[in-house]
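# Structural characterization, general
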Amino acid sequence: RTYHEGDIVVLKHHWGAFTGTDLDLHLRRRGVRTLVLAGIATNFGVESTARSAWELSYDVVVVENACTSRSAALHEFAVANILPQIARLVSADAVRLHG
């Protein structure tokens, strides 16, 4: 892995990126309010991180077509039933990152 000066590395120990890490502290120190999530295991890692972020009052955006799971059914269940309650779902084409 290549890291650059100023990069913040958060090592996950659980499904969600917030549990047992200092991610929330790093984000709040920088004034981050919106999180854009993508990843493997829509119904595990992405969903767990989205739930924690929502509980911590972040604006959560999940890039649906940048997530996957062990099966299409597991992915679709999370996208149809869980994530819309706690996040905005968008496609990768709709994401515009600010540097």
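Right, let's walk through the structure included here. (Residues numbered from 1 in each chain as written. Predicted model: local features only at pLDDT ≥ 70, side-chain atom pairs only at ≥ 80, totals over all residues. Heavy atoms only, no water.)

Summed over all chains, the structure comprises 3 salt bridges. Close ionic contact of Glu-47 with Arg-51 constitutes a salt bridge, the shortest N to O distance being 2.8 Å. Linking Glu-47 with Arg-51, this pair stays in helix H2 (residues 42-55), spanning 4 residues, or about one helical turn. Measuring nitrogen to oxygen at the nearest pair gives 2.7 Å for the salt bridge that ties Arg-88 to Asp-59. With Arg-88 in strand E3 (residues 88-90) and Asp-59 in strand E2 (residues 59-68), the pair connects residues that are 29 residues apart, well separated along the chain. A relative accessible area of 31% means that Asp-59 is categorised as partly exposed. (Salt bridge = Lys/Arg side-chain N within 4 Å of Asp/Glu carboxyl O. Helix = DSSP H or I, 4+ residues; strand = E, 2+ residues; numbered from the N terminus. Buried < 20%, exposed > 50% of the residue type's maximum accessible area, 1.4 Å probe, protein only.)

Bringing the pairing of E2 into the picture now. As judged from the 6 bridges shared by strand E1 (residues 34-40) and E2, these two strands associate in the parallel manner. What sits directly across from Leu-37, in E2, is Val-62. Each parallel crossover has a hand, and the one from E1 via H2 to E2 is right-handed. Across 3 bridges, the pairing between E2 and E3 is parallel. Among the inter-strand pairings, Val-62 is bridged to a residue of E3, identified as Leu-89. (Pairing = 2+ DSSP bridges. Right-handed = clockwise from strand over helix to strand, strands pointing away.)

In this description, a pair of aromatic rings is defined by centroid distance and the angle of the planes. All told, the structure shown has 2 aromatic pairs when counted by the stated rule. Plain terms: the ring middles of Trp-15 and Phe-44 are 4.6 Å apart, the flat faces sit at 25° to each other, and that makes the pair stacked. Here the residue Trp-15 occupies a position in the segment before helix H1 (23-29), and Phe-44 occupies one in helix H2, the gap between them amounting to 29 residues. A relative accessible area of 51% places Trp-15 in the exposed class. Overall, Phe-44 belongs to the partly exposed group, its relative accessible area being 32%. Over the ring of Tyr-58 we find Arg-33; its NZ or CZ atom is 5.1 Å from the centre of that ring. (Phe/Tyr/Trp six-rings, centres within 6.5 Å; stacked < 30°, edge-to-face > 60°. Lys NZ or Arg CZ within 6 Å of the ring centre and 35° of its normal.)

Once that is clear, we can look at a nonpolar patch on the surface. On the surface, Tyr-3, Val-9 and Leu-11 cluster together to form a nonpolar patch covering roughly 300 Å² of accessible area. Summarising the element assignment, Val-9 is placed in the segment before H1. Residue Val-9 is classed as partly exposed on the basis of its relative accessible area of 40%. (Patch = residues over 30% accessible without salt bridge, like charges linked within 9 Å, V, L, I, M, F, W, Y side chains within 5 Å. Areas by Shrake-Rupley, 256 points an atom, 1.4 Å probe, with all protein chains shown as cover.)

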